[in-house]
Amino acid sequence: MSTEAERARPAVLLNPIEGDPTDADSHIGGPMLWPIDEPWPSCDGATHDPASGAEPFVGAVQLYRRDFPELPFPEGTDLLQVFLCTLHHDVPRAYGPDVRLVWRDSTTVFELIEEEPEPSVQEELYVPTVNVLEPIRFAEHAEKVSGGTKIGGWTAWWQSGPAEFACPECGSEQRQTLSLATHEPSGDNVEWEFGREGNLNVFTCAEDVRHSIAVHVD
Ligand SMILES: [Zn+2]
Ligand SMILES: [Zn+2]
């Protein structure tokens, strides 16, 4: 691979715009495709700041393979669901919401959960508005990094320097998979805020995206 190719990574700006998506759509902040017979994800609250009890995660993003084939879907899955625990978590490098990823086979979901559980308390900062997505595909160069909500590409480092993450389960490199942004290039912000008007970056294992993720708020 040439140096040029190494410096340019495929990236997709999600480009959210206000809309009214269903659970069958890719979206931010809309209804999740969640089966009635599967427990809704919850956060045990161990790192909440201030300390508080367990709370359900909130459906934040879902991305279908048909819309975002660039994502590293494990075999047999066609839907990435991203959940946030919308409270402050006192975690090094990731002071903000906790993140849970679910890689799902949407074709096996028949009966949906009737009502998504709602946390008893949330930080408004971390609660998204409801958006549909009009993705913009591009090759992102390491020297010209977009700060918008995107998949793939490079990390936009604002307040901290570049960091590398290794998978705690297998030692493989963790790569940036998803970045949620305070500010969108379009100006149509999702109205959540991470860090000091920065980004919440999610890194996944290059060998197996179901291994533990790394979250970095910058
Ligand atoms: Zn939590
Ligand atoms: Zn791993």
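Each value, and the rule that gives it
- Once a new chain begins, its residue numbering starts again from 1 and follows that chain's sequence as written.
- Each chain gets a letter, beginning with A, and each ligand a number, beginning with 1, in the order they are written.
- It should be noted that, the model being predicted, local features are given only for residues of pLDDT at least 70 and side-chain atom pairs only at 80 or more, the latter also being counted only at that level, while totals for whole chains, interfaces and linings use all residues.
- Side-chain measures here rest on the full set of heavy atoms in the structure, leaving out hydrogens and waters.
- Put simply, DSSP H or I for four residues or longer makes a helix, DSSP E for two residues or longer makes a strand, and each gets a number counted from the N terminus.
- We compute the radius of gyration from the C-alpha atoms alone; for a globule the expected value is 2.2 Å times N to the 0.38, where N is the number of residues.
- Each residue's exposure class comes from its accessible area (1.4 Å probe, protein chains only) as a fraction of the maximum for that residue type: buried when under 20%, exposed when over 50%, partly exposed otherwise.
- Throughout, a contact is declared for two residues whenever any of their heavy atoms are within 4.5 Å.
- Accessible areas in this description were obtained via Shrake-Rupley with a 1.4 Å probe; residue shielding takes into account the shown protein chains only.
- For the purpose of charge, His is not counted, nor are the chain termini; Lys and Arg are scored as positive and Asp and Glu as negative.
- Here the site of a charge means NZ on Lys, CZ on Arg, CG on Asp, or CD on Glu.
- What counts as a salt bridge is simple: a side-chain nitrogen of Lys or Arg found within 4 Å of a carboxyl oxygen of Asp or Glu.
- A 2.8 Å cut-off from the metal defines N, O and S donors, relaxed to 3.2 Å for Na, K and Ca; water is not in the atom list, so some sites may appear incomplete.
- Square planar and octahedral assignments, for four and six donors respectively, both demand that opposite donors be over 155 degrees apart and that all other angles lie between 65 and 115; tetrahedral needs four donors with all angles between 85 and 135 degrees, and anything else is irregular.
- Throughout this description, the term nonpolar core refers to a set of buried Ala, Val, Leu, Ile, Met, Phe, Trp, Tyr and Cys residues connected via side-chain atoms within 4.5 Å.

By the naming in an unreviewed UniProt entry, the protein chain goes by DUF1963 domain-containing protein and is assigned to Lentzea kristufekii.

**With respect to the overall build of the protein chain**
The helix and strand inventory of the protein chain stands at one helix and 15 strands. Computed over the C-alpha atoms, the radius of gyration of the protein chain is 17 Å, within 12% of the 17 Å expected from 2.2 N^0.38 for a compact globule of 218 residues. Considered along the principal axes of its C-alpha atoms, the protein chain spans approximately 50 × 40 × 40 Å. When burial is assessed residue by residue, the protein chain has 49% of its 218 residues classed as buried. For the protein chain, the share of sequence-separated contacts (at least 6 apart) that also reach a separation of at least 24 residues comes to 71%. Of the roughly 10700 Å² of accessible surface on the protein chain, a fraction of 49% belongs to carbon and sulfur atoms. Taking the 13 positively charged and 39 negatively charged side chains of the protein chain as two groups, their mean positions are separated by 10 Å.

**Digging into the pattern of salt bridges**
Opposite charge on two side chains permits them to pair, given that their charged atoms come into close proximity. Using the criterion set out here, one finds six salt bridges in the structure. In this structure, Arg137 and Glu70 form a salt bridge, with 2.4 Å as the shortest nitrogen-oxygen distance. With Arg137 in strand 10 (residues 136-141) and Glu70 in the loop between strand 6 (58-64) and strand 7 (79-89), this pair connects stretches of sequence that are 67 residues apart. Overall, the relative accessible area of 43% leaves Arg137 in the partly exposed class. Overall, the relative accessible area of 37% leaves Glu70 in the partly exposed class.

**Examining the coordination of the zinc ion (ligand 1)**
For the zinc ion (ligand 1), the full set of protein donor atoms is Cys43 (SG), His48 (NE2), Cys85 (SG) and His89 (NE2), at a range of 2.0 to 2.3 Å. Considering all four donor atoms around the zinc ion (ligand 1), angles at the metal cover 104 to 117° and the coordination shape is tetrahedral. Donor residues binding the zinc ion (ligand 1) come from one chain and are separated in sequence as C-x4-H-x36-C-x3-H. Taken together, the residues Cys43 in strand 4 (residues 42-43) and Cys85 in strand 7 connect sequence positions 42 residues apart. One exposure class covers both Cys43 and Cys85, and it is buried.

**As for the nonpolar core**
One finds Leu63 and Trp192 to be the most contacted residues of the largest nonpolar core, which totals 29 residues. Those elements that place two or more of their residues in this core are strand 6, strand 7, strand 8 (96-104), strand 13 (173-181), strand 14 (199-205) and strand 15 (214-217). Those residues within four positions of Trp192 in sequence are excluded, and the remaining contacts are Ile28, Ala60, Val61, Leu84, Leu125, Tyr126, Val127, Pro128, Leu180, Ala181 and Thr182. Counting nine residues, the second-largest nonpolar core is a separate cluster that includes Trp34, Phe83, Leu87 and Val102.

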